[in-house]
Amino acid sequence: MTPDSHEAAVLAQLIHFTPRGDERGSLVALEDCEVGFPIRRVYHIFHTAPGVTRGLHAHRDLRQVAVAVTGSCTFLLDNGRTRETVRLDDPTVGLVIQSMIWREMSDFSPDCVLLVLASHNYDESDYIRDYDQFRREVSALA
Ligand code: T46
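Residues numbered from 1 in each chain as written. Predicted model: local features only at pLDDT ≥ 70, side-chain atom pairs only at ≥ 80, totals over all residues. Heavy atoms only, no water.

Another point: the overall build of the protein. When helices and strands are tallied, the protein shows one helix and ten strands. Ordered by position in the sequence, the α and β elements of the protein form the string β-β-β-β-β-β-β-β-β-β-α. Rg of the C-alpha trace for the protein: 15 Å, near the compact-globule value of 14 Å for 142 residues, within the 12% margin. Its C-alpha atoms give the protein principal-axis dimensions of about 55 × 35 × 30 Å. By the burial criterion, 40% of the 142 residues in the protein qualify as buried. Considering only residue pairs separated by 6 or more positions, the protein has 78% of its internal contacts joining residues 24 or more positions apart. Total accessible area computed for the protein in this model is approximately 8,000 Å², and 51% of it derives from carbon and sulfur atoms. Taking the 14 positively charged and 21 negatively charged side chains of the protein as two groups, their mean positions are separated by 5 Å. (Helix = DSSP H or I, 4+ residues; strand = E, 2+ residues; numbered from the N terminus. Rg over C-alpha atoms; globule rule 2.2 N^0.38 Å. Buried < 20%, exposed > 50% of the residue type's maximum accessible area, 1.4 Å probe, protein only. Contact = heavy atoms within 4.5 Å. Areas by Shrake-Rupley, 256 points an atom, 1.4 Å probe, with all protein chains shown as cover. Lys, Arg positive; Asp, Glu negative; His and termini not counted. Charge placed at Lys NZ, Arg CZ, Asp CG, Glu CD.)

Right, here's the structure in full:
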């Protein structure tokens, strides 16, 4: 989960979860607002076909935390000025994705299960799926 950017990571905020380990193995539990917001929705992405890039959008309000609970994948994050990539490969690490961040996910390992914790219910109107539109909306916020 190392940011690949040569600059200091400003977009790739990572949360390190505490594993409750014993001789049987490990467990991570998240309660209430431990990820920075009340969790309203959980989904997971799996069986991603080789070579596929997912995401390719931003969210106007949604905040999320993504965890590669198995396997690995790469996130590209873009706030309209800076881009960073981060490889997720550790089930005890969550990537915080704030609102108004363009994201692209790629290089999924065949066994990757990407768990996503979301601050809101699914709402297609919250998606910005056109990059130029994303840039316009980011500029308008500045
Ligand atoms: C994100 C990245 C990390 C639902 O019906 N409910 C849901 O909660 C979600 C997330 C998706 N869907 C439907 C909408 C599409 O028909 O599932 C299908 C695949 O969704 P999408 O193409 O948006 O998947 P990704 O992998 O491109 O993006 C997803 C999330 O949508 C997005 O919020 O940040 O994962």
